[in-house]
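As a plain string of letters, each chain reads:
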Amino acid sequence: MMVDRRHSGPSGQAGPAAVPLYGFEPPVGTPYGLEVSTVEDFFAQHDDWPWNPPRPGRATFHYLIAVTEGELRHDVDHVTRTVGSGQWLWVRPGHAQCWHPPGAARGTFILFEPDVLRSDLARLLAPLTAHEAPAVLSPHPEDTAWLQQTALQLLDEHRALGRRPLDVHHALRRSLLESLLLRLANSPDIAPVATATAGTGRADWFGRFLDALELHFRELHQAADYAELLGCSVRTLSRTARDATGKGVRELIDERRLLEARRLLRGARWDARTVAVHLGFTDPANFGRFFRDRTGLTPAAFAASEAPTHP
């Protein structure tokens with residue numbers, strides 16, 4: 001299902017600040033970047049991994065879990081989410097996540113790479129697939145049964161490998177997935193899907209930049225790094241960022257690093273030095289200045305202000 005692409009520390013070994021990055025690696029014979037299973041099968045196949053002991057990780061693909069029975073607990077960006085029957089858990093590429101011990105949760109488990117979605121559908125689904133979208137979705141009551149049934153149809157088609165030509169099999173899987181996601185985008189938790197078509201070429205570049213940023217903000221910190229990675233000019237990338245947000249590429253990179261620093265200092269209780277190494281700062285003092293200039297607080301003062309108080 002996954003392959004470890006972990007970032008190593010200065011010594012070449014994965015230290016406490018390293019969060020493994022998993023790439024998509026489905027079982028042999030599974031076509032294209034989509035795999036469908038069940039929560040119960042996942043737990044059974046992995047025995048005591050990765051919840052004993054719990055270990056955080058990130059993935060380059062989407063985790064989408066429909067809970068139909070019981071309750072699932074899962075950490076997303078260092079916050080424990082509780083997903084009840086009828087709700088969906090969505091862990092998007094780049095999110096830090098950590099499994100809890102298996103419980104009585106049951107449901108469909110869908111994993112897919114971003115490029116499985118056709119570009120026109122990807123634009124329509126942008127509010128749903130965005131990194132900042134909610135991790136737990138509660139669909140409209142009238143959509144719940146339809147979504148669960150469609151997820152089961154997708155599971156059935158996934159298991160039907162070999163019954164029909166491979167290209168037809170994959171087309172059916174992708175069609176079912178896209179139908180499911182379009183209906184899931186109707187959830188109250190998700191902002192209405194934008195239908196504007198102006199500047200879609202630039203929007204495509206910006207979407208690709210955001211995907212790259214989520215995977216590489218720890219080690220790539222310059223606009224030129226992302227332009228080279230995406231195969232465009234710095235000027236093109238800068239224009240797309242300005243058009244979409246009114247901000248420059250470097251500002252967006254810094255905002256993402258700052259967001260991660262806040263999460264780790266507050267939610268994971270990491271110390272400033274460990275956070276500095278994790279985010280690619282060569283000197284903890286530089287990280288201290290970076291954080292203080294943007295928040296008005298030192299990392300230590302911020303962590304102390306966020307610490308729980310006990311009577």
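What counts, and at which threshold
Residues numbered from 1 in each chain as written. Predicted model: local features only at pLDDT ≥ 70, side-chain atom pairs only at ≥ 80, totals over all residues. Heavy atoms only, no water. Phe/Tyr/Trp six-rings, centres within 6.5 Å; stacked < 30°, edge-to-face > 60°. Helix = DSSP H or I, 4+ residues; strand = E, 2+ residues; numbered from the N terminus. Buried < 20%, exposed > 50% of the residue type's maximum accessible area, 1.4 Å probe, protein only. Lys NZ or Arg CZ within 6 Å of the ring centre and 35° of its normal. pLDDT = per-residue confidence, 0-100. Contact = heavy atoms within 4.5 Å. Expected span 1.5 Å × (residues − 1). Arc of directions from axis to C-beta. Core = buried A, V, L, I, M, F, W, Y, C linked by side-chain atoms within 4.5 Å. Pairing = 2+ DSSP bridges.

Trainee: It is not clear to me how the packing of aromatic side chains should be interpreted in this structure. Could you clarify?
Mentor: Aromatic ring pairs are reported here in terms of the distance separating the ring centres and the angle at which the planes meet. The final tally for this structure, using the stated rule, is 16 aromatic pairs. Arranged with centres 5.4 Å apart and planes meeting at 85°, the rings of F209 and Y226 form a pair that is edge-to-face. Here Y226 lies in helix 7 (residues 223-230) and F209 lies in helix 6 (residues 200-216), a separation of 17 residues in the sequence. Y226 carries the same exposure label as F209, and that label is buried. Looking at R257, its charged tip hangs above the ring of F281, at a distance of 4.0 Å from the centre. The positively charged end of R257 is found above the aromatic ring belonging to F290, 5.7 Å away from the centroid.

Trainee: Even after reading the chapter, I still don't get the confidence of the model for the chain, so can you show me in this structure?
Mentor: The predicted coordinates of low-pLDDT regions are not to be read in fine detail. When pLDDT is averaged across the chain, the result is 83; 85% of the residues are at 70 or more. Low confidence marks residues 2-17, where pLDDT is under 50. Its contacts with residues over four positions away, or in another chain, come to 33 contacts. Below pLDDT 50 for its whole length, residues 193-200 participates in 5 contacts with residues either more than four positions away or in separate chains.

Trainee: Even after reading the chapter, I still don't get the environment of C232, so can you show me in this structure?
Mentor: One can find C232 in the loop between helix 7 and helix 8 (234-245). Through-space distance from the C-alpha of C232 to that of W205 is 8.6 Å; in sequence the pair is 27 residues apart.

Trainee: Would you take a moment to explain helix 8 for this structure?
Mentor: Because each turn of an α-helix spans 3.6 residues, side chains separated by three or four positions in sequence point in the same direction. Given a rise of 1.5 Å per residue, 12 residues ought to cover 16 Å, and the 16 Å separating the end C-alpha atoms of helix 8 matches this to within 8%. Three or more residues of helix 8 are buried, namely L237, T240 and A241. Down the axis of helix 8, the buried side of the element spans an arc of 100°, and every buried residue falls inside it. Positive backbone phi, approximately 80°, marks G246, located one or two places after helix 8.

Trainee: Before we go on, may I ask you to explain the nonpolar core in this structure?
Mentor: Side chains of nonpolar character tend, in soluble globular proteins, to be buried together. Within the largest apolar cluster, 29 residues are counted, with the highest numbers of intra-cluster contacts made by F209, Y226, L237, V275 and F287. When contributions to this core are tallied by element, the ones reaching two or more residues are helix 6, helix 7, helix 8, helix 9 (249-266), helix 10 (272-278), helix 11 (284-295) and helix 12 (299-306). No other element matches helix 9, which puts 7 residues into this core. The contact partners of F209, leaving out residues within four places of it in the chain, are Y226, L230, L237, V249, L252 and I253. Judged by nonpolar contacts, the second largest core, of 24 residues, contains V36, L117, L184 and I190.

Trainee: I'm lost on the environment of N186 in this one. Help?
Mentor: Turning to its location among the elements, N186 is positioned in the loop between helix 5 (166-184) and helix 6. Given the relative accessible area of 42%, N186 is considered partly exposed. Among residues more than four places away in sequence, those in contact with N186 are H140 and D143.

Trainee: I'm lost on the pairing of strand 5 (residues 62-69) in this one. Help?
Mentor: Remark: a regular strand shows side chains that alternate across the two faces of the sheet. Extensive coverage of strand 5 is indicated by the burial of 6 of its 8 residues. Here strand 5 runs beside strand 10 (residues 106-112); their pairing, made up of 7 bridges, is antiparallel. Each residue of the ladder has a partner; that of V67, found in strand 10, is G107. When strand 5 meets strand 8 (residues 88-91), the two strands line up antiparallel, connected through 4 bridges. Bridge pairing in strand 8 places Y63 opposite V91.

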